[in-house]
Amino acid sequence: MELTGTSCIVIIILIRFIQQYSSKMSSILVPKTLFGNTKYFMLTKLLAAAFAALILLFGGGFSHMNAETALYAAAFGIMLLISSVSSLYAIKSGTMALSSLFSTAGLIVPCVAGIFMYHIPMSLGQWAGVLLFLAASVLLIGDTKKLYSGFSFKTLILLLIAMLSNGAVMMVQTMFAKNVQGGDVTTFSFLGFLIPGVLLGIFACVYRVAAPSQCHEKMQKKLLIFALISSIAVFFVNQLATIATVKTEPVILFTFINGGNTIIAAVIAALFFKEKITLKSGLGLLIGIAALIMVKAFQPA
């Protein structure tokens, strides 16, 4: 049975609950050294690539691999790595909702680019929905004092990098789906995770030779479990998002899967990490849901 754009969005939103919880736990458990961080991100990317490889082995092989797919996959993988690293370190400061907000703001990139590159229009109602959602996301930050107690200029830079790189990830997914005729999404995902994983592996080997005394930190077993969960979640999210780019307008797809992620972040933070949902953040949840409905309801004829 072929998945529709709507079914892809629903599945992605469900997976986001697992992804958000795993990301927060990983940010707590991730090693403190550069070498330890490199190993963690290398592991997550290679695990996702291995999962994609298994699907390819049992579903038709690697016959769709070509230079064009590899080029888009390399751009996707590098941007995804930058987005993952910057978001993880932003979350480490305790700004889980704010990190999700900035990542969500990246959806503006494919929405605007889609107008000029693929002549995909956006109605005024949809623009209003996007802006309303960003305003709602500010309310989702919740307790301002708690938020800014760990906030710094470094965190702001990380958040801006996360926003732009996440927007670039969405744009590359759209470009691959629309520009590569007969392109295979699983092959794209496999290369997209494998390339940054290999680059990180090369860096880890060089760093071990250059600074062996700083390469003794080991990853906790608990972190390895969350790394595996995160890898599988990221694989499926990006797999489904790439499939959905040819079935759904960018403004609807990326507002729901990224905008919904901000709401999910607030819920996960409240349920598992004792971040209370205040009147302000509760209002933000309601406005955010209304904004998502607007994006869907006001799509152009």
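Source: prediction; values computed, not measured. (Residues numbered from 1 in each chain as written. Predicted model: local features only at pLDDT ≥ 70, side-chain atom pairs only at ≥ 80, totals over all residues. Heavy atoms only, no water.)

Here we look at the overall build of the protein
Each helix and strand in the protein was counted, giving 12 helices and 0 strands. If you list the helices and strands of the protein from N to C, you get α-α-α-α-α-α-α-α-α-α-α-α. Here the C-alpha atoms of the protein give a radius of gyration of 19 Å, agreeing with the 19 Å that 2.2 N^0.38 yields for 301 residues. With respect to the principal axes defined by its C-alpha atoms, the protein has extents near 55 × 50 × 30 Å. Residue burial in the protein is summarised as follows: out of 301 residues, 52% are buried. Within the protein, contacts between residues separated by at least 24 positions form 89% of all contacts whose residues are at least 6 apart in sequence. Just so you have it, the protein exposes about 13,900 Å², and 73% of that area is on carbon and sulfur atoms. Across the protein, the centroid of the 19 positively charged side chains sits 14 Å from that of the 7 negatively charged ones. (Helix = DSSP H or I, 4+ residues; strand = E, 2+ residues; numbered from the N terminus. Rg over C-alpha atoms; globule rule 2.2 N^0.38 Å. Buried < 20%, exposed > 50% of the residue type's maximum accessible area, 1.4 Å probe, protein only. Contact = heavy atoms within 4.5 Å. Areas by Shrake-Rupley, 256 points an atom, 1.4 Å probe, with all protein chains shown as cover. Lys, Arg positive; Asp, Glu negative; His and termini not counted. Charge placed at Lys NZ, Arg CZ, Asp CG, Glu CD.)

Comments concerning the layout of surface pockets
Space inside the second largest pocket adds up to approximately 150 Å³. Surrounding the second largest pocket, L34, N37, T38, F41, L81, V85, Y89, L199, L200 and F203 form its lining. Secondary-structure elements contributing two or more residues to the lining of the second largest pocket are helix 2 (34–57), helix 3 (67–92) and helix 9 (185–210). With 4 residues, the single largest contributor to the lining of the second largest pocket is helix 2. Residue composition of the lining of the second largest pocket, grouped by class: 8 nonpolar, 2 polar and no charged. (1 Å grid on protein atoms, 1.4 Å probe; cavity = no way out; pocket = protein on both sides within 12 Å on 5 of 7 lines; lining within 4 Å. Points joined across faces, edges and corners; volume = space filled by probe spheres on them. Nonpolar A, V, L, I, M, F, W, Y, C, P; charged D, E, K, R; others polar.)

Here we look at the packing of aromatic side chains
The final tally for this structure, using the stated rule, is 14 aromatic pairs. Ring geometry for Y21 versus F272: centroids 5.0 Å apart, planes at 65 degrees, classification edge-to-face. Of this pair, Y21 sits in helix 1 (residues 5–29) while F272 is found in helix 11 (residues 250–272), placing the two residues 251 residues apart along the sequence. With a relative accessible area of 26%, Y21 lands in the partly exposed category. Residue class for F272 comes out partly exposed when judged on its relative accessible area of 48%. A ring pair is formed by F51 and F236, whose centres lie 5.4 Å apart and whose planes are at 70 degrees; its orientation type is edge-to-face. (Phe/Tyr/Trp six-rings, centres within 6.5 Å; stacked < 30°, edge-to-face > 60°.)

A short note on the nonpolar core
Ranked by internal contacts, the top residues of the largest apolar core, which has 27 residues, are V251 and I257. Listing elements by their share of this core, those giving two or more residues are helix 1, helix 6 (124–140), helix 10 (221–244), helix 11 and helix 12 (279–297). With 8 residues, helix 11 is the single largest residue contributor to this core. When residues no more than four places from it in sequence are discounted, the contact partners of I257 are I9, I12, R16 and A241. Grouped together as the second largest cluster of nonpolar side chains are 19 residues, A48, A53, A73 and V169 included. (Core = buried A, V, L, I, M, F, W, Y, C linked by side-chain atoms within 4.5 Å.)

Focus on the confidence of the model for the protein
Scored by pLDDT, the protein comes out at a mean of 82, with 92% of its residues at no less than 70. Here helix 7 (residues 144–149) is the element of the protein with the lowest mean pLDDT, 51, and helix 9 is the one with the highest, 91. (pLDDT = per-residue confidence, 0-100.)

Overview of empty space enclosed by the protein
One water molecule sets the probe size; rolling that probe over the atoms shows where empty space is left. This structure, assessed with the given rule, holds 1 cavity of 30 Å³ or more. Of the pockets and cavities examined, the largest cavity occupies roughly 680 Å³. Lining the largest cavity are 36 residues, and of these R16, Q19, S23, S84 and V234 sit closest to its centre. Of all the secondary structure elements, the ones that give two or more residues to the lining of the largest cavity are helix 1, helix 2, helix 3, helix 4 (96–105), helix 8 (153–179), helix 10 and helix 11. Residues belonging to the lining of the largest cavity are distributed by class as follows: 15 nonpolar, 19 polar and 2 charged.

Overview of the packing of helix 1 against helix 10
Close contact between helix 1 and helix 10 brings their axes to 8 Å; oriented N to C, the two are set at 150 degrees. Judged by the inter-axis angle, helix 1 sits roughly antiparallel to helix 10. The handedness of the crossing between helix 1 and helix 10 is left-handed. For the contact of helix 1 with helix 10, the per-class residue count stands at 19 nonpolar, 5 polar and 2 charged. (Axes fitted to C-alpha atoms, helices over the stretch in contact; angles between N-to-C directions. Parallel < 35°, antiparallel > 145°, perpendicular 65-115°, else oblique. Left-handed = near helix turned anticlockwise from the far one by under 90°.)

Remarks on the side chain of T187
Following the sequence through the fold, T187 ends up in helix 9. Filtering out sequence-adjacent residues up to four positions away, T187 remains in contact with L56, H64, M65 and T69.

Focus: the environment of S230
Assignment of secondary structure puts S230 in helix 10. For the pair S230 and M175, spaced 55 residues apart in sequence, the C-alpha separation works out to 25 Å. Setting aside anything within four residues of it in sequence, one finds S230 in contact with S22, S23 and S26.

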